[in-house]
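Report on the structure
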Amino acid sequence: MAFNRKLTLFTQVMAIGRTFEESLQKALRMTHPTINGFTPKLPAGKEYPADFDLTSNLKTPNNTRIHSIAKVTNEMPCYSISIFFSLSFEKCEK
């Protein structure tokens, strides 16, 4: 049941765009009126806290993770895809 529901939500989002990138942008914009898509800015004009740990935020699924990924890709080009993969799937491999 849960898989079918997620698949339905995914297909609804994909139906609003011709490409994955366009669909992702639209889906992000639909989550909150202050989000302009795949940007490092947090919703509602919030700032990142002074003690913000980017690595731990990338490891843990949360509502600001997509913005952390955008922050890394825009501001820290030294992060590679393999680093994202290892941070994202570290818990799954155990």
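As shown above, the structure is provided for reference.
The present account deals with the structure reproduced in this document. Here the structure is a predicted model, which means the values were calculated and not measured.

1. Brief notes about the nonpolar core
Listed in full, the five residues of the largest apolar core are L54, L58, V72, F84 and L87. For this core, the elements supplying multiple residues, two or more each, are helix 3 (54-59) and helix 5 (81-88). Excluding residues that lie within four positions of it along the chain, V72 makes contacts with L54, L58, P77, Y79 and F84.

2. A look at the pattern of salt bridges
Under the criterion given, the structure shown has one salt bridge. Where K26 meets E22, a salt bridge forms, and the shortest distance between an N and an O atom there is 3.3 Å. In this pair, K26 and E22 are both assigned in helix 2 (residues 20-31), four residues apart and thus about one turn of the helix distant.

3. A closer look at the packing of aromatic side chains
Counted under the stated rule, the structure contains one aromatic pair. Pairing Y48 with F52 gives two aromatic rings, centres 4.7 Å apart and planes at 55 degrees, and the pair type is tilted. Judged by its relative accessible area of 25%, F52 falls in the partly exposed class. The ring of Y48 has K71 lying over it, and the distance from NZ or CZ to the ring centre is 4.5 Å.

What counts and what doesn't
Residues numbered from 1 in each chain as written. Predicted model: local features only at pLDDT ≥ 70, side-chain atom pairs only at ≥ 80, totals over all residues. Heavy atoms only, no water. Core = buried A, V, L, I, M, F, W, Y, C linked by side-chain atoms within 4.5 Å. Buried < 20%, exposed > 50% of the residue type's maximum accessible area, 1.4 Å probe, protein only. Helix = DSSP H or I, 4+ residues; strand = E, 2+ residues; numbered from the N terminus. Contact = heavy atoms within 4.5 Å. Salt bridge = Lys/Arg side-chain N within 4 Å of Asp/Glu carboxyl O. Phe/Tyr/Trp six-rings, centres within 6.5 Å; stacked < 30°, edge-to-face > 60°. Lys NZ or Arg CZ within 6 Å of the ring centre and 35° of its normal.

By themselves, these are just geometric observations and shouldn't be taken as functional.
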